[in-house]
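Examining the three-dimensional arrangement
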Amino acid sequence: MNTDTPHGDDLDPASAALAALFDAHRTLSDAIDCEIRAACGLSHAEVDVLGTLTRGPAGRQRMVDIAGQMCLSKSGVTQIVDRLEAAGLTARESSAADRRLVYAAITTAGRDVLDKAAPVLAAIAHEHIASRLPGADLGKLTKTLRTIAGTSSPEASQR
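Everything quoted here is computed from the prediction, not taken from an experiment.

Turning our attention to the packing of aromatic side chains. Scanning all chains against the criterion turns up 0 aromatic pairs. Above the face of the Tyr103 ring, Arg60 is positioned so that its terminal group lies 3.9 Å from the ring centre.

With that out of the way, let us pick up the side chain of Thr107. Counting through the fold element by element, Thr107 comes out in the loop between strand 3 (102-106) and helix 5 (108-128). Only 2.7 Å separates the side chain of Thr107 from the backbone oxygen of Gly88, close enough to count as a polar contact. Thr107 has contacts with Gly88, Leu89, Thr90 and Ala91, leaving out every residue within four places of it along the chain.

Take the sheet that holds strand 3 next. Strand order in the open sheet formed by 3 strands is 1-3-2, and the pairing between neighbours is antiparallel. Here the strands that pair on one side only, and so sit at the sheet edges, are strand 1 (60-62) and strand 2 (90-94). Ignoring which end each strand starts from, the neighbouring axes of this sheet average 30° apart. With 5 bridges joining them, strand 2 and strand 3 adopt antiparallel strand pairing. Bridging from a neighbouring strand, Thr90 pairs with Ile106 of strand 3.

As a further point, take the side chain of Ser95. Mapping Ser95 onto the fold places it in the loop between strand 2 and strand 3. A polar contact of 3.1 Å, which involves the side chain of Ser95, links it to the backbone nitrogen of Asp98. Ignoring any residue separated from it by four or fewer positions in sequence, one finds Ser95 in contact with Leu101 and Tyr103.

Calculation criteria
- Residues numbered from 1 in each chain as written.
- Predicted model: local features only at pLDDT ≥ 70, side-chain atom pairs only at ≥ 80, totals over all residues.
- Heavy atoms only, no water.
- Phe/Tyr/Trp six-rings, centres within 6.5 Å; stacked < 30°, edge-to-face > 60°.
- Lys NZ or Arg CZ within 6 Å of the ring centre and 35° of its normal.
- Helix = DSSP H or I, 4+ residues; strand = E, 2+ residues; numbered from the N terminus.
- Polar contact = N/O pair within 3.5 Å; in protein donor to acceptor, adjacent residues only side chain to side chain.
- Contact = heavy atoms within 4.5 Å.
- Pairing = 2+ DSSP bridges.
- Axes fitted to C-alpha atoms, helices over the stretch in contact; angles between N-to-C directions.

In structure tokens form, the structure reads like this:
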């Protein structure tokens, strides 16, 4: 491996793709976190949890399901939901059928924050992705990333 270059230009194609994906992830995550904090006062992960909740029935999901969708630990999700609950953006709800089950539910205030975050995320998508790729390449990138993620449609990619 060539150690003179930051990304190891002599990497095999799959490893080079992974290194590029890591770089893109860091760049986008930093931009999202910085811009979302400035606009909404929340972290990228907190906004992601709110978005995940909106995709559940009646805007709520079990903590374990949120953790699975976001690839976070249950305790990590609990900490995020605790912060969101303290800010009035989520609420915990018990199951009528099984009192052991606890759901996190998005509140009206949480939906308002997501509405505020949407144009910020759209601007980041344009600045960091769309402005750097021709339209055909953007479509290919979307399809490729969905393939890597194991999804095939926009609905499935919002696990």
